[in-house]
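Spelled out, the chains give:
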Amino acid sequence: MTIYPAYHKRLKFRPDIAMLYHSFDDGVVLFDPDTSNTTLYHTIVLWLLELTATDEFEQEQVLNRLIDDYKNDDPMELSQLLDRTLNSLMKLGFVQRI
Amino acid sequence: MLFAGIFEMEKSILNRLLQTPSIAPSFSDPQWDLCLRQAQAANLLGRLHFLLQQHDNLQYLPQRALNHLAAAVLRSNKQHQDIRAEAKRLSSYLTEHGLEITFLKGAAYVLTGIASQGRICSDIDILVNKSQLNQVEQRLEDVGWAPEAISDYDKKYYRQWMHEIPPMIHLGRQTILDVHHNIVPLTAEKLPNAHQLLESRCATDDQQAHYVLSPMDMILHSAVHLFSEGELDKGLRDLTDLDLLFKHYFDDPSLDHCRSEQLFARAQQLNIETSLYYALRYCHQVLKTELPTQCLMQSPNNPIKLLILDYCYQHTLVPYHSSCQGVNFELSCFILYLRSHIKKMPLRLLLPHLSIKWWQRAKKLFVVT
Amino acid sequence: MTLILSTYSKKEFCRLVKTTGLNVKIGPFNIKLTSNVPTFLDNFYFLYSDCAIVGDDQYIDFHICLKPPSIVRRWYRPQVNFFINEFRPFKPLPIDQTMAFFEWGLNWTIAQQALQYLIIHSAVVEKEGKAIILPGMPGAGKSTLCAALVHHGWRLLSDEQALISQDATEIVPLARPINLKNQSIEVIKEFCPDAKFGQIFAQTSKGDICHVKPPVSAIEQIAVNAQPFAIVFPSYEHGLDQTKLTTMAKGETLIELINHCFNYTILGLDGFKRLSTLVENSQCFSLSYSDLNSAISTLDELY
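Let me sum up the structure you'll find in this document. (Residues numbered from 1 in each chain as written. Chains lettered and ligands numbered in written order. Predicted model: local features only at pLDDT ≥ 70, side-chain atom pairs only at ≥ 80, totals over all residues. Heavy atoms only, no water.)

**Focus: the interface of chain A and chain C**
Here is the rule: Only heavy atoms matter for contacts: two residues are in contact if any of them lie within 4.5 Å across the pair. Whenever a carboxyl oxygen of Asp or Glu lies within 4 Å of a side-chain nitrogen of Lys or Arg, that contact is scored as a salt bridge. Helix numbering and strand numbering both begin at the N terminus, where a helix is a DSSP run of H or I of at least 4 residues and a strand a DSSP run of E of at least 2. For this classification, Asp, Glu, Lys and Arg are treated as charged, while Ala, Val, Leu, Ile, Met, Phe, Trp, Tyr, Cys and Pro are nonpolar and the rest, including Gly, are polar.
Each partner contributes residues to the interface: chain A has 13 residues there, and chain C has 15 residues. Run the count over chain A and chain C and you get zero salt bridges. Broken down by secondary-structure element, the contributors of at least two residues to the side of chain A that touches chain C are strand E2 (21–24), strand E3 (27–32) and strand E4 (37–41) of chain A. It is E2 of chain A that contributes the most residues to the side of chain A that touches chain C, four residues altogether. When its residues are assigned to classes, the side of chain A that touches chain C shows six nonpolar, six polar and one charged.

**A closer look at the environment of Glu96 of chain B**
All names here are of chain B. Rule in force here: Whether a residue is buried, partly exposed or exposed follows from its accessible area with a 1.4 Å probe, protein chains only, as a fraction of its type maximum: under 20%, in between, or over 50%, in that order.
Looking at the element boundaries, Glu96 is found in helix H5 (residues 63–96). Judged by its relative accessible area of 66%, Glu96 falls in the exposed class. Sequence separation between Glu96 and Asp33 is 63 residues, and the spatial gap between their C-alpha atoms is 50 Å.

**Re the packing of aromatic side chains**
This is how it is decided: Two aromatic rings, drawn from Phe, Tyr or Trp (for Trp, its six-membered ring), form a pair once their centres lie within 6.5 Å of each other, and the interplanar angle then sorts them: stacked below 30 degrees, edge-to-face above 60, tilted otherwise. A positively charged side chain is recorded as over a ring if its NZ (Lys) or CZ (Arg) lies within 6 Å of the ring centre. The angle to the ring normal must also be within 35 degrees.
A complete count under the given rule lists 31 aromatic pairs over all chains for this structure. Feature note: the residues Phe13, Phe40, Phe44, Tyr45, Tyr48 and Phe102 of chain C constitute an aromatic cluster, connected by ring pairs. Sitting above the plane of the Tyr211 of chain B ring, Arg201 of chain B keeps its charged end 3.9 Å from the centroid. It is Lys213 of chain C that lies over the ring of Phe46 of chain C; its NZ or CZ is 5.4 Å from the centre.

**Concerning the interface of chain C and chain B**
As a reminder, the rule being used: Note on terms: buried area is the combined drop in 1.4 Å-probe accessible area of two parts once they are placed together, counting the loss on both. Side-chain atoms alone can form a polar contact between residues adjacent in sequence; in general such a contact is a pair of N or O atoms within 3.5 Å, and within protein one must be able to donate a hydrogen while the other accepts it.
In this complex, chain C contributes 27 residues to the contact, which on the side of chain B involves 24 residues. In this assembly, chain C packs against chain B so that about 2200 Å² is buried in total across both faces, 52% of it on carbon and sulfur atoms. Put simply, chain C and chain B have one salt bridge between them. A salt bridge links Arg64 of chain B to Asp61 of chain C, with the shortest nitrogen-to-oxygen separation between them at 2.6 Å. Our enumeration of links across chain C and chain B arrives at 11 residue pairs in polar contact (both at pLDDT 80 or more). If you tally residues by element for the side of chain C that touches chain B, the top one is helix H8 (residues 264–280) of chain C, at three residues. A class-by-class count of the residues in the side of chain C that touches chain B yields 11 nonpolar, nine polar and seven charged.

Here it is as structure tokens:
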């Protein structure tokens, strides 16, 4: 299913960022060593880090995996969650477009 | 040699350590306390950590001193991080508009990694072509830089007589930017040709492609800044910069001879041989910098002037801390202050200028806050 | 036997501070104090009388000097300057506020220079070896709550700055005078009859200010660090029916704490790791209260 904007094609976590996080019950905190920017994300980011931290990924593939793993959740809501999360990660430079 | 004896009595403990690192094991806790306070007053705390580390002397310091040094290194690293980010913004933005900038002094050291260790850099200095000066100013103002609030007289002083425009400050980030169009004031007797400096500029190693002066020109700029402009409270710090710049430049003994010749030739080309001479002389005298022998043999013509300057610099290339000050210090500062102003501008301009500056300072004393 | 400040007579203390300076241990720091301001010396002698004296053979962390500007302002509308190692970070203040100036100046110095600690702008109190950190913006009431707690069985670690150790497993005591403002002064005078108050400084830029002397037990245990146990964001709300202690999610707590952390940015990754460890190992709450007794017993129940 294609519920994503076309420009989120190929993405990659910044290699230094992928290791700089701490996970709590209510979410994952990512740290940017260049700016000390520290942001709390939905726990989905932990799932994303485990899935894609060292590799490039395509939003569509990741979405399909997400829907597969979280079978009981609404695919539309999952898609929107992923979209919001990726937008935020890109805005702060944690994820780069390739 | 007689004079050397007089100089020995008043040396700061920091100067003694910088000259002779092997005395470190003999320092007591109170001596380290004084040494670090002098270093802090001289903006050398971060650099001191690097120099102690180089000579494997950190083991002799009490834990409290190590904490203070580590804190200084952290502050210095944070500043460097901010400078790199600011330089990236400046270079890419101005290049987009076809304007070329060359980083000078502290910012250049940070961007190249030469003489950057523990360096405190409060401002960013850039050199631009005089013909592009107005455009650079305008473009900077477009993105949030504004001239610092200074008096009308000071504004006129900068624009008419100096080699830089009044400092600019970024309104959001509070970074201060000094935009130069030469490396000495316009009223100085012999003006270096700024075009020659810009022609020889080099790109930094990484892909950021910032521009800095060539290694030779960095040495010469630092030398002329210290020995002509007279900001003596940073004198010792600037001297340690020169020490590291010389070490980097003369890193291959087999090339000493030709590199020395090139350096002297360049100094002559830019009309700043005297400053280079003093840089070499006082790095060797005060910091015992290892230099090729041919560098130490050149001498200007006036031995009396040299004697006076030796006296003055021995007493002012020290931390500006009460523990290093006395009659000799006050007298030396006064002589050098006059000398630097005379070099910057002829007497007919200097006397009115000094009167106005003294009046401005006197007014401040009586302001009720 | 350790020499403490009150071992010297006030006269001798004043003489030393005016001439050679006197070395005092404040928290983990050795501080050399030099000053010639009589009212300040009176206040300092009272508030810091239990602190240990440090010998001249020791390394001194901060050389602090408070003295009037040399020329006109010694006599006409007298002022005082604060110097740290001969550097003057602030504009002068009226001379009658010197004690308050010393406290603010020392806060600034510690925050700016003691980078071996992660520093959180908060009160910290301890019981049974376990510490509660009470972060708060000015006006949230953390100093008032802190003053109340330390006169009801808790040990004072700090009313202003929590010093978190390198591995985030310890909090290092400062045990400095507690800074109270405006109405809090009367509240604590009533609530803590044992509390010892310094002079009231009226109409500073922050209102009326007064300092409460640290209980002597806090100074006696200055070398005893505490283990992080809980982080509680206090909020005084006038006329509230019931004291409410609400659990806070840890991720949210960490983000909120960054706003209270002076040197987080400069510590970089190390700051992030320390703060994460601290939050991981602490229970996190927000506390709304209007009654001090009820707030204290709510916090007691955490143990």
